[in-house]
Amino acid sequence: YYLTSLQYHLSIDMKSNPTILITGASGMLGRALHRLLNNFPDQYNVIGTGLTRLSVDHFHKYYPPPSGDDSTAPSATTVNLHYLNLLDHAATTEFLMKHRPDVIVHCAAERFPDAFEKNAEESYKLNVESTKHLARECLRLGQVEEEKPFLIYLSTSYVFDGGAISEDFPPYHPSKSKAHPLNSYGQSKWDGECAVREILNPAVSCDGDGSDEKINGQGIVVRVPLLYGEDCLDLKESPALEMMNVFLPTNEESSQKKIDDWAMRFPTNVEDVAKVLKMMIDQLVIPSKSGVFSAGTYHVASPYGTTKYHLALLQAKLLNISLDSVEKKIVGDDSGPPKNSASRPQCTQLNCDDTWNALLTNDESFEFVTLNKGMEKALTGFPDRFLCC
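In this text the structure is predicted, and so the values were computed from the model without any measurement.

Strand pairing in a sheet is mediated by backbone hydrogen bonds. Such pairs are either parallel or antiparallel. In space, the 7 strands of this open sheet follow the order S5-S2-S1-S6-S7-S8-S12, with parallel pairing throughout. Each edge of the open sheet is held by one strand with a lone partner, namely strand S5 (82–83) and strand S12 (296–299).

If you check helix H5 (residues 120–142), its first and last C-alpha atoms are 32 Å apart, about what 23 residues at 1.5 Å a residue would give, namely 33 Å. When we look at burial in H5, the residues that qualify are Ser123, Asn127, Val128, Ser130, Thr131, His133, Leu134, Ala135, Glu137, Cys138, Leu141 and Gly142.

Under the definition given, this model contains 15 salt bridges. Residue Lys125 pairs with Glu121 through a salt bridge whose shortest N-O separation is 3.8 Å. With Lys125 and Glu121 both in helix H5 and 4 residues apart, the pair spans about one turn of that helix. Residue Lys125 is classed as partly exposed on the basis of its relative accessible area, which comes to 33%. Across the pair Arg140 and Glu137 runs a salt bridge whose closest N-O atoms are separated by 2.6 Å. Here Arg140 and its partner Glu137 are both found in helix H5, 3 residues apart, which amounts to about one turn of the helix. Residue classification places Glu137 among the buried positions, given a relative accessible area of 8%. A network of salt bridges, in which partner residues are shared, links Arg31, Arg35, Asp231, Glu237 and Glu271.

With that out of the way, let us pick up the packing of helix H3 (residues 89–99) against H5. Their axes nearest at 11 Å, the elements H3 and H5 cross at an angle of 35°. Where H3 crosses over H5, the two elements pack in a sense that is right-handed. In contact with His89, Thr92, Thr93, Leu96 and Met97 of H3, H5 contributes Glu129, Ser130, His133, Leu134, Glu137, Arg140 and Leu141. Its residues placed into classes, the contact of H3 with H5 shows 4 nonpolar, 5 polar and 3 charged.

Of all residues in the protein chain, 91% attain a pLDDT of 70 or more, and the chain-wide mean is 90. Across residues 1–14 the pLDDT falls below 50, and counting only partners more than four positions away or on other chains, this stretch makes 17 contacts in the model.

A word on the nonpolar core. Of all hydrophobic cores here, the largest spans 80 residues; its most connected members are Val105, Ile152 and Met280. Ranked by residues supplied to this core, first place goes to helix H7 (residues 270–285) with 9 residues. Discounting chain neighbours no more than four positions away, the residues touching Ile152 are Val103, Ile104, Val105, His106, Ile220, Val222, Leu277, Ile281 and Leu284. By size, the runner-up hydrophobic cluster in this structure holds 19 residues, among which are Leu84, Leu96, Met97 and Leu151.

Of note, the bond from Pro170 into Pro171 is cis; its omega dihedral lies within 30 degrees of zero at 0°. Following the sequence through the fold, Pro171 ends up in the loop between strand S7 (150–156) and helix H6 (184–200). With an omega dihedral of 5°, the bond running from Phe382 to Pro383 counts as a cis peptide bond. Tracing the chain through its elements places Pro383 in the segment after helix H11 (371–378). The phi dihedral of Asn320 is positive, around 60°, even though this residue is not glycine. Mapping Asn320 onto the fold places it in the loop between helix H8 (308–318) and helix H9 (323–329). By relative accessible area, which is 69% here, Asn320 ends up exposed. Even without being a glycine, Asn340 presents a positive backbone phi close to 55°. Looking at Asn340, the relative accessible area reads 83%, which means it is exposed.

Cut-off values and rules
- Residues numbered from 1 in each chain as written.
- Predicted model: local features only at pLDDT ≥ 70, side-chain atom pairs only at ≥ 80, totals over all residues.
- Heavy atoms only, no water.
- Pairing = 2+ DSSP bridges.
- Helix = DSSP H or I, 4+ residues; strand = E, 2+ residues; numbered from the N terminus.
- Expected span 1.5 Å × (residues − 1).
- Buried < 20%, exposed > 50% of the residue type's maximum accessible area, 1.4 Å probe, protein only.
- Salt bridge = Lys/Arg side-chain N within 4 Å of Asp/Glu carboxyl O.
- Axes fitted to C-alpha atoms, helices over the stretch in contact; angles between N-to-C directions.
- Left-handed = near helix turned anticlockwise from the far one by under 90°.
- Contact = heavy atoms within 4.5 Å.
- Nonpolar A, V, L, I, M, F, W, Y, C, P; charged D, E, K, R; others polar.
- pLDDT = per-residue confidence, 0-100.
- Core = buried A, V, L, I, M, F, W, Y, C linked by side-chain atoms within 4.5 Å.

Take a look at the structure:
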């Protein structure tokens, strides 16, 4: 199935715009990045892949495309994705040889800690083994092409333990803080990070001490916290939204639902993360925008912290749900880590200074969407919006 050397080099000559490959393009972050990059057809050739969902809505009734003279949003609301099973390494190699990406943004993952525990073997293969294979293929393709492809690997703040064991407390710095995952999901993402470093950034150690000087490699690790999307049609797609399930008319639970009021979260809008990823991609593939950004580890996280319970109270207020209804349906639980679930740290706030130093000039800044504004968009049309799926 491999392309011949002549076919390969002929196809390279026919390339124009840089090709950006997004794995997991049916997920929240993958959709947001795919949607954003599609706004710039003259700059990128964007390829999104999926496994079970190969047709996704980038826009819909409750999340319409932007309007106005300055809008560059595509008219299409439904986007078709390429099928790719990342656990099939031979098929993955063939796909990469065919499309020859300049940048792979690896969003595909099992990202729910409890779901990971229930299907640990398959989850580990996706989070770690598929990452290793992508990294090896980037290295191999770099030996064929003049321009080496980059791999941007999405990781998590759950590589840190909140100081519970390490006694290294937040905010966590990408090059100074010690990784010490508390659950299997966090460990798998850390193992994925190590694979990227060992294969694509061999000058960097991966012994857990956080040392990660920026070097001339091909691997970029981007750690993010709890994410939510503005276009979701299923509340369960994000732990930052799923608390509102108890207020849907289809919910039949009569008892109060306990919601974590112990762990501090920093819910971050995937639209913001997509914008930062685009800035990284631009510096990697557009010569006129290249700066000090290079291979290494970076953090992207909103500065707005809250517990899930207080986030639920904010959401209920935005939805004009009466206090009486709120008190009947939910109650805060500040007794400690949630029972009967994967271990979780109390706080893993991320320091993003390295990210802004690499991507912004002295007179630039990046503003994250506030929780009020982000949640208002994410919940527009409640409850009807979330009754369709």
